[in-house]
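This is what each chain is made of:
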Amino acid sequence: MPRTARTAAALVAVIALAAGCSGSGGKDSENAENGANGADSSQGGKGVSTPRLKIAMITHSGEGDTFWDIVRSGAEQAADKDNVDFLYSNDNEAKGQAELVQAAIDKKVDGIVVTLAKPEATRAVLAKAKAAGIPVVSINSGSEFSQKFGALSHIGQEEAVAGEAVGTRLAQEGRKKTLCVIHEQGNVSLEQRCAGVKKTFKGTVENLNVDGTNAPNAQSSIEAKLQADTSIDAIVALGAPVAALAVKAKGDADSKAEIATFDLNAEVVRRLKAKEVTFAVDQQPYLQGYLAVDELWLHETNGNVLGGGKPVFTGPALVTAKDVPQLEKYTARGTR
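Everything numeric here is computed off the predicted structure, so don't read it as measured data.

Asker: Break down the environment of L298 for me, citing the residues and quoting the values.
Answerer: Note on placement: L298 falls in helix 12 (residues 285-302). Residues L298 and D82 lie 216 residues apart in sequence; the distance between their C-alpha atoms is 9.0 Å. For L298, the contacting residues outside a window of four places in its chain are G303 and N304.

Listed below in structure tokens is the structure:
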């Protein structure tokens, strides 16, 4: 069976398994309490009778980013099904993330899920995981580094391709100058998104670096740029929280720029409905978390490798106001 068909079959299975789940997402307060110290979910044992496994997920998430609530929700659902003791931790500093991976190795976990937003910082510690015989699956960012660093596979979207889709859409709408807002400096995936936009957009693309963990400053930076350059007629936010800041900045700057964003949450769907955001790029973060945990369980219990070791794509798909009726019920429960 071709890889694309295998992947499609896997996704259908996941959707069927996930259909009965209910979750609220919105774990900002929980993440703030756990932060780099992590959280231990021990709610498994309901779905299978295979031996109990311990799987750690370490991401580069900053506090307050609802995208990672959705990833985590998917991972926890899979852990519940697969009799997995799920350990989650995050640090948006590269060194801190590497230290969390080392902590997972020290706990002798059965598998590690990791993001590669700042890949060089995790190269050495992932080599230690491989030496310890701990299988690794990378998700979300750094797909081109996944095999080099010894991961079984990578689950996410091809960031440059996603950016190209955005650039093409904005060009079709006749936009001339786009502001691409990077909310985390040094994150290779965000840089690839903006590079993709620039590749296919017919006009000018300018990058703006802001601190995504400081919402007031990020909003002020976008507003100041819009006031200084009134020729900007499109804003590309690279994450759902930044989209909300862009909407506010646009209003305060009295700008007419169109706003597009990567990623979904309930607020983005509301803004799509209100036509404050024109379209969003959905990379299905729930699947990234779910499939990563499920793959490590399948690898341990059945020797499987999802996608034959090649990247498994969960996006991109462009969604607009016409998709809101279907999306609302999913974002309300924190799975889209």
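Asker: Just give me the short version of the state of the cysteines, but keep the residues and values in it.
Answerer: Enumeration according to the criterion identifies one disulfide in this entry. Across the disulfide from C180 sits C194; the S-S distance is 2.1 Å. Handedness here is read from the sign of the S-S torsion; for C180 and C194, about -90°, the answer is left-handed. Of the two residues, C180 sits in strand 7 (residues 177-182) while C194 sits in helix 8 (residues 188-200), which places them 14 residues apart along the sequence. Exposure remark for C194: the relative accessible area of 2% places this residue in the buried category.

Asker: Summarise helix 3 (residues 66-82); cite the residues concerned and give the values.
Answerer: For helix 3, spanning 17 residues, the distance from its first C-alpha to its last is 25 Å, which sits close to the expected 24 Å at 1.5 Å a residue. For helix 3, the capping residue at the N-terminal end is D65, with a side-chain oxygen 3.1 Å from the backbone nitrogen of F67. Positive phi shows up at N83, right after helix 3, with a value of about 60°.

Asker: Which residues make up the sheet that holds strand 11 (residues 279-282), and what values go with them?
Answerer: Across the sheet, six strands lie side by side as 8-7-9-10-11-13; this open sheet has mixed pairing. Of all the strands in the sheet, the pair left with one neighbour each is strand 8 (204-209) and strand 13 (317-319). The average angle at which neighbouring strand axes cross in this sheet is 20°, direction not considered. Pairing between strand 10 (residues 258-262) and strand 11: three bridges, direction parallel. What sits directly across from T261, in strand 11, is A280. This element, helix 7 (residues 159-172), spans strand 7, strand 9 (234-237), strand 10, strand 11 and strand 13 of the sheet and lies at about 165° to strand 11.

Asker: Outline the pairing of strand 11, supporting the account with residue identities and numerical values.
Answerer: The alternating pattern of strand 11 places F279 and V281 and A280 and D282 on opposite faces, both of which are buried. When strand 11 meets strand 13, the two strands line up antiparallel, connected through three bridges. The residue bridging V281 from the neighbouring strand is L318, located in strand 13.

Asker: So what about unusual backbone geometry? Which residues, and what values?
Answerer: Comment: phi is negative for the bulk of residues other than glycine, and the bulk of peptide bonds are trans. The peptide bond linking G315 to P316 adopts the cis configuration, its omega dihedral lying at 10°. Relative to the helices and strands, P316 is located in the loop between strand 12 (312-315) and strand 13. Residue K108 is not a glycine yet carries a positive backbone phi of 55°. Relative to the assigned elements, K108 resides in the loop between helix 4 (94-106) and strand 4 (111-115). Residues other than glycine seldom take positive phi values, yet K275 does so here, at roughly 65°. Of note, K275 is situated in the loop between helix 11 (266-273) and strand 11.

Rules and cut-offs
Residues numbered from 1 in each chain as written. Predicted model: local features only at pLDDT ≥ 70, side-chain atom pairs only at ≥ 80, totals over all residues. Heavy atoms only, no water. Helix = DSSP H or I, 4+ residues; strand = E, 2+ residues; numbered from the N terminus. Contact = heavy atoms within 4.5 Å. Disulfide = S-S within 2.5 Å. Buried < 20%, exposed > 50% of the residue type's maximum accessible area, 1.4 Å probe, protein only. Expected span 1.5 Å × (residues − 1). Polar contact = N/O pair within 3.5 Å; in protein donor to acceptor, adjacent residues only side chain to side chain. Pairing = 2+ DSSP bridges. Axes fitted to C-alpha atoms, helices over the stretch in contact; angles between N-to-C directions.

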